[in-house]
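Residue-level structural notes
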Amino acid sequence: MTKLTSTLLATTVLTCAAGAVTAQEQLNALVWCDHMDPALIAPFEAEHNVTVNLREYEGTGAALALLDQSRPGDWDVLVIDGIDVFRAVDAGILAPLDAAQLPTADFFPEVVMEGVNTVDGVTYAVTEKFGYNTISYNTANVDPADMESLSTVWSEKYDGRISIYDYYLPVMGLAAISQGIATADIGSDNLDAIGEVMGTMRSRAASVAGVVAAQTALATGEVDIVVGGGEWLTAVLAEEQPDLTWTIPSEGAVRWTQSIGVVEGTQKPDLALEFVKYIVSPEGQARLATSSCFWGMPANALAGDFLTDDQKAILRWDDQPDYLALSQLYPAPDDALDADMQDMWLDTLSQ
């Protein structure tokens with residue numbers, strides 16, 4: 001009887017313990033891979049006694065499709081490409097944020113981007129990270145002086161030693177910039193000029209590759225230059241392969257941004273907002289900037305207080321005023337122009 005009683009008591013304790021674990025509050029977030037790093041998520045979980053369930057996705061279309069197939073309340077937080085915030089707002093996916101609780105006064109001014117994150121005076125998202133689609137290269141095999149101008153990046157000198165990042169918007173943006181065409185001014189009247197540059201670029205390239213493939217090709221020496229690369233491609237390799245680096249040519253580069261917001265219909269709006277606030281806090285920003293998946297600049301300038309000198313050097317912290325002035329936002333074409341740009345991209349890839 002004593003043994004049975006002890007067993008029953010032990011079972012009761014285990015059941016209660018299991019119940020306590022199950023009862024712990026959970027937050028469900030759709031994110032990019034840089035948010036999967038435990039070093040970023042664990043401090044928030046510990047502070048709020050919560051489990052953050054993360055689902056990684058690639059491409060805004062995939063996230064919108066997944067949300068469309070989900071029930072209201074299934075997801076609480078969404079990380080999204082800055083240029084696609086308006087799509088999420090139009091689809092009713094993002095909930096309004098209390099802008100007064102967001103530390104945007106501490107942000108690099110150029111990446112507050114109210115025109116992107118705010119619609120009709122209502123804030124739906126906040127920039128959390130940014131960087132550049134520009135030129136990554138191997139200094140052991142490439143003359144750094146040649147990388148200071150887009151006119152020589154894809155010149156005959158580097159024929160067969162180039163990989164092109166497989167995303168049409170930033171790469172076509174770089175092609176436009178090389179011709180003195182602002183990314184905001186890309187239109188049907190200058191697509192032919194951009195197409196000529198794309199044709200030349202493709203003729204010099206050994207490959208057109210996604211993130212992992214482009215990074216691998218550069219790291220293994222298969223190619224020496226990645227057009228459309230940047231700190232996000234090479235920073236995580238800096239310690240092991242210091243010859244791999246990146247630069248912004250004199251003509252400029254394309255600036256990417258990613259935003260974070262609360263999903264409409266969440267049953268945990270307060271906790272979801274706390275997660276957003278953590279991510280854009282100086283501590284959260286420093287951890288996000290140096291995520292094990294990919295590095296990028298934190299939107300919050302106060303994150304610099306939590307980064308080492310070596311980390312700042314890799315991110316080119318001191319060069320940011322010049323880089324921000326040189327860079328332009330992603331092209332944001334309307335549906336008709338976007339279709340034409342995608343057709344040109346596919347035609348270029350087939351050459």
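Residues numbered from 1 in each chain as written. Predicted model: local features only at pLDDT ≥ 70, side-chain atom pairs only at ≥ 80, totals over all residues. Heavy atoms only, no water.

When helices and strands are counted, the chain shows 15 helices and 13 strands. Relative to the compact-globule value of 20 Å for 351 residues, the chain shows a C-alpha radius of gyration of 23 Å, a close match. The principal-axis extents of the C-alpha atoms in the chain amount to approximately 85 × 45 × 40 Å. Among the 351 residues that make up the chain, the fraction classed as buried is 51%. (Helix = DSSP H or I, 4+ residues; strand = E, 2+ residues; numbered from the N terminus. Rg over C-alpha atoms; globule rule 2.2 N^0.38 Å. Buried < 20%, exposed > 50% of the residue type's maximum accessible area, 1.4 Å probe, protein only.)

The next thing to look at is the pattern of salt bridges. Inspection of the entire model under this criterion finds six salt bridges. Close ionic contact of Asp74 with Arg71 constitutes a salt bridge, the shortest N to O distance being 3.6 Å. Relative accessible area serves as the criterion here: at 63%, Arg71 is assigned to the exposed category. A salt bridge links Asp224 to Arg161; its shortest N-O distance comes to 2.9 Å. Taken together, the residues span a long stretch of sequence, with Asp224 in the loop between α9 (211-220) and β9 (225-229) and Arg161 in the loop between α6 (150-153) and β7 (162-165) at a distance of 63 residues. Exposure remark for Arg161: the relative accessible area of 26% places this residue in the partly exposed category. (Salt bridge = Lys/Arg side-chain N within 4 Å of Asp/Glu carboxyl O.)

It is at 9 Å that the axes of helix α8 (residues 191-204) and helix α15 (residues 335-349) come closest, and there the two elements cross at 25 degrees. In terms of axis orientation, α8 runs roughly parallel to α15. In the crossing of α8 with α15, the sense of the turn from one axis to the other is right-handed. Packed against α8, whose contacting residues are Leu191, Asp192, Gly195, Met198, Gly199 and Arg202, the element α15 presents Leu337, Asp340, Met341, Met344, Trp345, Thr348 and Leu349 at the interface. Class assignment for the residues of the contact of α8 with α15 results in seven nonpolar, three polar and three charged. (Axes fitted to C-alpha atoms, helices over the stretch in contact; angles between N-to-C directions. Parallel < 35°, antiparallel > 145°, perpendicular 65-115°, else oblique. Left-handed = near helix turned anticlockwise from the far one by under 90°. Contact = heavy atoms within 4.5 Å. Nonpolar A, V, L, I, M, F, W, Y, C, P; charged D, E, K, R; others polar.)

As a further point, take the nonpolar core. If you look at the biggest cluster of nonpolar residues, it comprises 112 residues, and the most contacted ones within it are Leu78, Met172, Ile194, Met201, Ile225, Val227 and Phe275. When residues in this core are grouped by element, the largest group, eight residues, is from helix α7 (residues 168-178). When sequence neighbours within four positions are dropped, the list of residues in contact with Ile194 reads Met172, Ala175, Ala176, Ile181 and Ile186. (Core = buried A, V, L, I, M, F, W, Y, C linked by side-chain atoms within 4.5 Å.)

Tracing the backbone shows Ser163 in strand β7. Using a relative accessible area of 0% as the deciding quantity, one classes Ser163 as buried. With residues near it in sequence (within four places) discarded, Ser163 still touches Ser207, Ala209, Ala214, Val223, Ile225, Val226 and Val227.

Our next topic: the side chain of Asn300. Within the element layout of this structure, Asn300 appears in the loop between β12 (297-298) and α13 (309-315). Taking relative accessible area as the criterion, Asn300 reaches 0% and is therefore assigned buried. A polar contact is formed between the side chain of Asn300 and the backbone nitrogen of Leu302, at a distance of 3.0 Å. When sequence neighbours within four positions are dropped, the list of residues in contact with Asn300 reads Pro103, Asp106, Phe107, Val280, Ser281, Pro282 and Gln285. (Polar contact = N/O pair within 3.5 Å; in protein donor to acceptor, adjacent residues only side chain to side chain.)

Within the fold, Ala125 resides in the loop between β5 (122-123) and β6 (126-138). Taking the C-alpha atoms as reference points, Ala125 and Ala95, 30 residues apart in sequence, are found 8.5 Å from one another. Setting aside residues up to four positions removed in sequence, Ala125 forms contacts with Val85, Leu94, Leu97, Asn117, Ser259, Ile260 and Gly261.

Interpretation note: all reported values are geometric properties and have no functional meaning in isolation.
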